[in-house]
Amino acid sequence: MNSYDKYLSPLGRNLHESVLRKMGQVTASRTGDLISFAAGYPDPVGFPWDEFREIANELLSGKDGSVLQYGPTRGYRPLLESIIGVLDGRGIKTDLTEVMTTSGSQQGLDLIARVLIAPGDAVLVEVPTYTGAIAAFRNAQCRLVGVPQDADGINIDELDAACVRERGAGARINLLYLVPNFQNPAGILLSLDKRARLLEWAEQRDMLIVEDDPYGEIYFDDVASAGETRPLKADDRRGRVIYLSTFSKTLAPGFRVAWVAAPAPIVERFDTAKQSMDLMCGILDQRVVHQSIVRGVLERQAAPLRQLYRMRRDVMEEALREQLGGRLTWIAPKGGFFLWAKLPDGYQCEPLLARALEQGVLFVIGSAFCVDGSGHDRIRMSFSWPSPEGIREGSRRLALAMQPELAQR
């Protein structure tokens, strides 16, 4: 077969694939009873199937021909108005000039990369950080500069030092990307003190913050009533924060409906860039989501989903302790879908993954989330998708994969 490399652009030759897609391909290629802790999928048992069916039947009755027409690039206006209400519930005051829909948060990240990142830029990210952001930003041909996290979120002293160092070396550096609520992959909740300090830092250093918030509504402990999940965007008085969120975790990921809230001039640029991607939005999906909001489905979903995923977290923590004792360690996540575990001394995630696959269990290697070459002693495991029985069996298989080395200790 002929090679087509000579036809590719420099970007085409250097595109970065998401490691999570690779994990999905591994799962799809396996036969048998592979248990996957890799994919951060919501459990379909939590989808409001009956409500979706009722909404879809009404929308597809044929009474309104616009249901299957092209939709505006920025999004279905009634949905945008509903999103403004969702944002208001999170403490964010905005208007129609500052909000647009995207095809999943990943498209929002791609728009940020296209509009705000130039080749050679430096972009600040947490270590570890979300692989989808790594792929989107690296495809913009920038350098990702990792900043370590503490138990309560990104280390702000290290963050400022990295910013000063990069600018001192002549780099163009304008963006910090972070996931404050139950971070993917580490599950960390950024403290209120650091949220306030980050806004002050962004103003002092003339930076924009990309706040990715897919998990803020999936909390397990009483952190929301204490304001601990309050978005940075809610207290952004200087237009420093670009806020991303999604309905994938609270309704269903198959709709691919997410949104961006940002200063109006930036949203205008995103809108223009999006026109060359899809030109029009997927109107049917957006109308189903809109009806789910106005009929109260989204609100009714919240408490059962929190209960479901809290139970799954508890099952995974209990199963790992039972199977491995204290050999794996982690910070207990207060929300979200993930457990970020540290391996025993001397372990490496890559060879462990190969042995785990032999036992029929899959996780994501920690190094995939770390832009500074670290993470080889970490693994990310999702408790959102497997059943409780699957979690227990997968934990047993993980222990078997680790057994040869554990026996030597």
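Use the structure listed above.
Residues numbered from 1 in each chain as written. Predicted model: local features only at pLDDT ≥ 70, side-chain atom pairs only at ≥ 80, totals over all residues. Heavy atoms only, no water.

> Kindly report on helix H6 (residues 131-138), identifying the contributing residues and their values.
Given 3.6 residues to a turn, an α-helix orients residues that are three or four positions apart in the same direction. Burial analysis of H6 places 7 of its 8 residues in the buried class, the great majority of the element. Buried residues of H6: Thr 131, Gly 132, Ala 133, Ile 134, Ala 135, Ala 136 and Phe 137, and no others. (Buried < 20%, exposed > 50% of the residue type's maximum accessible area, 1.4 Å probe, protein only. Helix = DSSP H or I, 4+ residues; strand = E, 2+ residues; numbered from the N terminus.)

> I'd like a description of the packing of helix H5 (residues 104-116) against H6, backed by residues and values.
Pairs of packed helices are described in terms of their axes, by the angle between the two and the distance that separates them. Closest axis-to-axis distance for the H5/H6 pair is 9 Å, and the angle between their directions is 30°. With respect to H6, the axis of H5 lies roughly parallel. Along this stretch, H5 crosses H6, giving a crossing that reads as right-handed. Where H5 approaches H6, its residues Gln 106, Leu 109, Asp 110, Ile 112 and Ala 113 are matched on the opposing element by Gly 132, Ala 133, Ala 136 and Phe 137. When the residues that make up the contact of H5 with H6 are grouped by side-chain class, the tally is 6 nonpolar, 2 polar and 1 charged. (Axes fitted to C-alpha atoms, helices over the stretch in contact; angles between N-to-C directions. Parallel < 35°, antiparallel > 145°, perpendicular 65-115°, else oblique. Left-handed = near helix turned anticlockwise from the far one by under 90°. Contact = heavy atoms within 4.5 Å. Nonpolar A, V, L, I, M, F, W, Y, C, P; charged D, E, K, R; others polar.)

> Could you give an account of the side chain of Gln 149, with specific residues and numbers?
Locating Gln 149 in the fold gives a position in strand E4 (residues 143-150). For Gln 149, a relative accessible area of 15% corresponds to the buried category. Not counting the four nearest positions on each side in its chain, Gln 149 is found in contact with Glu 126, Val 127, Pro 128, Ile 154, Asn 155, Gln 183, Ala 186 and Ile 188.

> Any chance you could break down helix H12 (residues 349-359) for me, citing the residues and the numbers?
Of all the positions in H12, only Cys 349, Leu 352, Leu 353, Arg 355, Ala 356 and Leu 357 are classed as buried. Positive backbone phi, at 90°, marks Gly 360, one or two positions downstream of H12.

> Describe the nonpolar core, listing the residues and the values that go with them.
Residues Met 316, Leu 320, Leu 328, Phe 363, Ile 379, Met 381 and Leu 398 are the most contacted members of the largest nonpolar core, which totals 49 residues. Sorting the residues of this core by element identifies helix H11 (297-324), strand E10 (338-342), H12, strand E11 (361-362), strand E12 (364-365), strand E13 (378-382) and helix H13 (388-406) as the ones contributing at least two each. Element by element, the count of residues in this core is highest for H11, at 7 residues. Setting aside chain neighbours within four positions, we find Leu 398 in contact with Leu 320, Leu 324, Leu 328, Leu 352, Val 361, Phe 363, Ile 379 and Met 381. By size, the runner-up hydrophobic cluster in this structure holds 32 residues, among which are Met 100, Ile 112, Cys 142 and Leu 208. (Core = buried A, V, L, I, M, F, W, Y, C linked by side-chain atoms within 4.5 Å.)

> Just give me the short version of the packing of aromatic side chains, but keep the residues and values in it.
What the rule picks out here adds up to 11 aromatic pairs. Note on Phe 47 and Trp 49: the rings are 5.7 Å apart at their centroids and 55° apart in plane angle, and the pair reads as tilted. Judged by its relative accessible area of 48%, Trp 49 falls in the partly exposed class. Consider the rings of Phe 52 and Phe 255, whose centres lie 5.0 Å apart with planes at 90°: the pair is edge-to-face. (Phe/Tyr/Trp six-rings, centres within 6.5 Å; stacked < 30°, edge-to-face > 60°.)

> So what's going on with the sheet that holds E13? Residues and values would help.
With antiparallel pairing, the 3 strands of this open sheet are ordered in space as E10-E13-E12. Two strands lie at the open edges of the sheet, namely E10 and E12, each paired on one side alone. Strand direction decides the pairing type here: E10 and E13, joined by 5 bridges, are antiparallel. Each bridged residue has a counterpart across the sheet, and for Lys 342 the counterpart in E13 is Arg 378. (Pairing = 2+ DSSP bridges.)

> So what's going on with the pairing of strand E9 (residues 258-261)? Residues and values would help.
Along E9, one buried face is formed by Ala 258 and Val 260 and the opposite face, lined by Trp 259 and Ala 261, is buried too. Here strand E2 (residues 99-102) pairs with E9 via 4 bridges, running antiparallel. The residue of E9 that forms the bridge with Thr 102 is Ala 258. Two strands pair when backbone bridges link them, and strand E8 (residues 241-246) and E9 are joined in this way by 4 bridges, in the antiparallel orientation. In the strand pairing of E9, Ser 245 is matched with Trp 259.

> Help me get a handle on the pattern of salt bridges, residues and values and all.
For the structure on display, the rule yields 33 salt bridges. Lys 194 serves as the salt-bridge partner of Asp 150, at 2.9 Å between the closest nitrogen and oxygen. Of this pair, Asp 150 sits in strand E4 while Lys 194 sits in helix H8 (residues 192-205); the two residues are 44 residues apart in sequence, bridging distant segments of the chain. By relative accessible area, which is 32% here, Asp 150 ends up partly exposed. Accessibility expressed as a relative area gives 5% for Lys 194, which makes it buried. With a closest N to O distance of 3.7 Å, Arg 197 and Asp 193 form a salt bridge. (Salt bridge = Lys/Arg side-chain N within 4 Å of Asp/Glu carboxyl O.)

> Residue-level account of the pairing of strand E7 (residues 208-212), with values.
With 5 of 5 residues buried, E7 lies mostly within the body of the structure. Where burial is concerned, the two faces of E7 agree: the one with Leu 208, Val 210 and Asp 212 and the one with Ile 209 and Glu 211 are both buried. Here strand E6 (residues 173-178) pairs with E7 via 4 bridges, running parallel. Paired with Leu 176 across the strands is Ile 209, a residue of E7. Since E6 and E7 lie parallel, the crossover through H8 that links them has a hand, and here it is right-handed. (Right-handed = clockwise from strand over helix to strand, strands pointing away.)

> Break down the side chain of Arg 74 for me, with residues and values.
Among the structural elements, Arg 74 can be located in the loop between helix H3 (49-59) and helix H4 (77-89). Reaching out from Arg 74, the side chain makes a polar contact with the side chain of Glu 268 at a distance of 3.0 Å. In this structure, Arg 74 is in contact with Leu 80, Leu 96, Thr 97, Val 99, Met 100, Thr 101, Val 267, Glu 268 and Asp 271, ignoring residues within four places of it in sequence. (Polar contact = N/O pair within 3.5 Å; in protein donor to acceptor, adjacent residues only side chain to side chain.)

> For a nonpolar patch on the surface, give the residues involved together with the corresponding values.
On the surface, Tyr 70, Leu 279 and Met 280 cluster together into a nonpolar patch covering about 340 Å² of accessible area. As for its position among the elements, Tyr 70 is in the loop between H3 and H4. (Patch = residues over 30% accessible without salt bridge, like charges linked within 9 Å, V, L, I, M, F, W, Y side chains within 5 Å. Areas by Shrake-Rupley, 256 points an atom, 1.4 Å probe, with all protein chains shown as cover.)

> Before we move on, could you go through the sheet that holds E8 and cite the residues and values that matter?
With respect to topology, 8 strands assemble into an open sheet ordered E2-E9-E8-E7-E6-E3-E4-E5, the strand pairing being mixed. The open sheet is flanked by E2 and strand E5 (153-154), the only strands paired with a single partner. For strand E3 (residues 122-127) and E4, the ladder comprises 6 bridges, and the chain directions are parallel. Opposite Val 125, over in E4, you have Gly 146 as the bridge partner. Lying over the sheet, helix H9 (residues 264-275) contacts E2, E7, E8 and E9, oriented at roughly 30° with respect to E2.

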